[in-house]
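These are the residues of each chain, in order.
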Amino acid sequence: MRPIRVRIGVLGLALVAGLATPLAAPTTATAAPPAGTAAAPTVEERRLDGEVPGEILRRSGFAAVTPAFARGLGRADSYREARAVVAREGAALWRRAVDRVQGRGPARGDLSRDDDRPLYWARLAMTRELRTWEPGFGLGERQRAALLAELERTSRGQADLRLPRGEHDKGTGVKRVLLTGFDPFTLDRDIRISNPSGAVALALDGTVIDTPDGPARVETAVFPVRWADFAEGTVERALRPYLPRVDLFTTVSQGRVGRFDVERTNGAWRGGFPDNENVSRTETVPVADPASQPQWTTTTLPYAAITAADTGRFPVYDNTRVTEVPAGGTEAVVRPDGPTPGSTAREGGGGNYLSNEIAYRATLLRDRLGLRGTLPGGHVHTPVLQFGTGNTDPATGAVTDPEFVRNRLDIVAQTRAIVAVAVSAPGPDRG
């Protein structure tokens, strides 16, 4: 998920066009509602009113999720009871999505089981219900915000990271892998869009991969495509407790057409591409302790082993390209072999959108925890998930087609194979 300077076709997320057009101005914050009153739905939530989200929810069986959630909220007589409902139903949504993708229980609809979109749209329907809910008891603004945060955390798998216990000595027993994906994005261009990284997260959560170096347990979570959530530390809060306990981590997002990329270098720059709330941010990536913030971080994924392996039908590249302002310079320069000393970041290998940012934050956290020399971790970009021939026009196209499903399944299978290669490699590569 990144703005990239390549031609990607009609439905391939059109990130190049986003770079070529003027950046949207940052959204101006509106005044907070008085305590005890509900807020209006967000930009992201208002997209639920379109025909496509409703069809996806109906054809997956997820249309029943929000009415059940609303009934649970309606029975809550206090904030404490409401929080219990939110935590329970958020976790149940994540588990239901994982179970559907992994073939457990009834499909409850004709939409293919590998689809990540029911989780996304059902979560938004739940957050809209919660945001606009007016209970009989007093619910302050901070309390509502806390409920929304709990729903986000639990419905994204961030509260469900269950690493094997009793295997704390790395290199023995079951290895532990932490993988993250993303929500769909650029929905105003094509509301049908699916994000293969989200599908990967649902398909691999809680699974065990057999590798030449023994079994590896994969735990996953997904993240929003919103600048504000990242600035508020959602990545660090979710990952910090687990990085010291895993044998490998990888953040995953959608990137270029027809190829995987292991991104060698991540940059400390936000390039302004609008997020799912249509908000733009052009600035240095905001992190804690900015005085010690580096301009660049690097992968420690075993990129040589990954790119050499036969993992599937898409080629896999070690991507070393960045864009920088050289030390003492004022203009941005593309560097095919990585940054030069003292330069200022403008694009990492993964661009300057939220895929680059999650990679930057995760690898910076790795380094600040003192794990750079021992923990393989970094970012993998999947191919763009494309609809089939004849189904590329969002105005007339169907929400799914056989080629679309096959492409997603192939991307998921190849990502799984990449993880298997990475976790069984001798050790971290150092860019």
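Structure first, text after, so check above.
All figures in this text were calculated on a predicted structure; none of them were measured in a lab. Along each chain, residue indices are assigned from 1 in the same order as the chain's sequence is written. Local features are withheld for residues below a pLDDT of 70 in this predicted model, meaning they are given only at 70 or higher, and side-chain atom pairs are given and counted only at 80 or more; totals for whole chains, interfaces and linings count all residues. Each side-chain value is worked out from all heavy atoms of the structure, with water and hydrogens disregarded.

**Student:** What's the story with helix 7 (residues 141–155) in this structure? I'm lost.
**Tutor:** Along an α-helix, residues three or four apart share an orientation, since each turn contains 3.6 residues. With 15 residues, helix 7 extends 21 Å from end C-alpha to end C-alpha; this agrees with the ideal 21 Å at 1.5 Å per step. Taken as a whole, helix 7 has its buried residues at Arg144, Leu147, Leu148, Glu150, Leu151, Glu152, Thr154 and Ser155. Residue contacts are counted whenever heavy atoms from the two residues lie within 4.5 Å of one another. Working definition: helices are DSSP H or I runs of at least four residues, strands are E runs of at least two. Numbering for both runs from the N terminus. The secondary structure elements touched by the buried residues of helix 7 are helix 4 (65–74), helix 5 (79–101) and helix 6 (117–132). Following helix 7 by one or two positions, Gly157 adopts a phi angle in the positive range, close to 80°. Here, expected helix span is obtained from the residue count minus one, scaled by 1.5 Å. Burial status follows relative accessibility: with a 1.4 Å probe on protein chains alone, a residue under 20% of its type maximum counts as buried, one over 50% as exposed, and anything between as partly exposed.

**Student:** For this particular structure, what's the right way to read the packing of helix 5 against helix 6?
**Tutor:** Between N-to-C directions, angles cover 0 to 180 degrees, with each direction set by a line fitted to C-alpha atoms, over the stretch in contact for helices. At a closest axis distance of 10 Å, the pairing of helix 5 and helix 6 adopts a crossing angle of 165°. Our classification of the angle between helix 5 and helix 6 gives roughly antiparallel. Note on packing geometry: the crossing formed by helix 5 with helix 6 is right-handed. Residue-level contacts link Val86, Glu89, Gly90, Leu93, Trp94 and Ala97 of helix 5 to Leu119, Ala122, Arg123, Met126 and Leu130 of helix 6. For the contact of helix 5 with helix 6, the residue count by class is eight nonpolar, one polar and two charged. Reported orientations rely on four angle classes, namely roughly parallel under 35 degrees, roughly antiparallel over 145, roughly perpendicular from 65 to 115, and oblique for the rest. Left-handed describes a crossing whose near helix is turned anticlockwise from the far helix through less than a right angle; right-handed describes the clockwise counterpart. Ten residues, namely Ala, Val, Leu, Ile, Met, Phe, Trp, Tyr, Cys and Pro, are considered nonpolar, four, namely Asp, Glu, Lys and Arg, are considered charged, and the remaining ones, Gly among them, are considered polar.

**Student:** Which parts of the structure should I look at to understand the side chain of Thr265?
**Tutor:** By the element assignment, Thr265 lies in strand 6 (residues 265–267). For Thr265, the contacting residues outside a window of four places in its chain are Trp296, Thr297, Thr298, Val322, Pro339, Gly348, Gly349 and Gly350.

**Student:** How do you make sense of the nonpolar core when you look at a structure like this?
**Tutor:** The nonpolar side chains of soluble globular proteins are, as a tendency, buried together. Among buried residues, the Ala, Val, Leu, Ile, Met, Phe, Trp, Tyr and Cys ones that are joined through side-chain atoms within 4.5 Å form a nonpolar core. Core analysis: the largest hydrophobic core is formed by 67 residues, its most contacted members being Phe69, Trp121, Leu130, Trp133 and Leu179. Setting aside anything within four residues of it in sequence, one finds Trp121 in contact with Arg47, Leu48, Pro53, Ile56, Leu57, Leu187 and Ile191. Grouped together as the second largest cluster of nonpolar side chains are 26 residues, Ala221, Val235, Tyr353 and Leu365 included.

**Student:** Even after reading the chapter, I still don't get the packing of aromatic side chains, so can you show me in this structure?
**Tutor:** The relative placement of two aromatic rings is captured by the distance of their centres and the angle of their planes. Pairing of aromatic rings covers Phe, Tyr and Trp, the last counted by its six-membered ring, and requires centre-to-centre distances within 6.5 Å; plane angles under 30 degrees mean stacked, over 60 mean edge-to-face, and any other angle means tilted. Scanning the model with the defined rule gives nine aromatic pairs in all. With a centroid separation of 6.4 Å and an interplanar angle of 70°, the aromatic rings of Phe223 and Phe230 are classed as edge-to-face. You'll find Phe223 and Phe230 in the same group, each marked buried. Measuring from ring centre to ring centre gives 4.0 Å for Phe387 and Phe404, while their planes differ by 0°; the resulting arrangement is stacked. Of this pair, Phe387 sits in the loop between strand 14 (377–382) and helix 13 (402–424) while Phe404 sits in helix 13, and the two are 17 residues apart along the sequence. Taken together through their ring pairs, the aromatic side chains of Phe185, Trp227, Phe273 and Tyr353 make up a single cluster. Criterion for a charge above a ring: Arg CZ or Lys NZ at most 6 Å from the ring centre, at most 35 degrees from the ring normal. Over the ring of Phe387 we find Arg192, and its NZ or CZ is 4.0 Å from the ring centre. Positioned above the aromatic ring of Trp269 is the side chain of Arg346, whose terminal nitrogen or guanidinium carbon lies 3.8 Å from the ring centre.

**Student:** Can you walk me through the packing of helix 3 (residues 51–60) against helix 6 in this structure?
**Tutor:** A packed helix pair is summarised by two numbers, namely the angle formed by the two axes and the spacing between the axes. At a minimum axis distance of 9 Å, the contact between helix 3 and helix 6 shows a crossing angle of 115°. Classified by the angle their axes make, helix 3 and helix 6 are roughly perpendicular. By crossing handedness, the relation of helix 3 to helix 6 is classed as left-handed. For the pair helix 3 and helix 6, the contacting residues are Pro53, Ile56, Leu57 and Ser60 in the first and Arg117, Pro118, Trp121 and Ala122 in the second. Here the residues of the contact of helix 3 with helix 6 are counted per class, giving six nonpolar, one polar and one charged.

**Student:** Please clarify how the sheet that holds strand 14 should be interpreted in this entry.
**Tutor:** Strand pairing in a sheet relies on backbone hydrogen bonds, with the paired strands running either antiparallel or parallel. Paired strands, in this sense, are two strands between which DSSP finds at least two bridges. Taken together, seven strands build an open sheet; the order of strands is 2-3-1-4-14-5-10 and the sheet is mixed. What marks the edges here is a single partner per strand, and that holds for strand 2 (208–211) and strand 10 (316–319). This sheet shows a mean twist of 30° between the axes of neighbouring strands, independent of strand direction. By the bridge criterion, four bridges tie strand 5 (residues 260–263) to strand 10 in an arrangement that is parallel. Bridging across to strand 10, Phe260 finds its partner in Val316. Set on the sheet, helix 13 makes contact with strand 1 (175–182), strand 2, strand 3 (214–223), strand 4 (248–254), strand 5, strand 10 and strand 14; between it and strand 2 the angle comes to about 60°.

No statement about biological role is implied by the geometric values presented.
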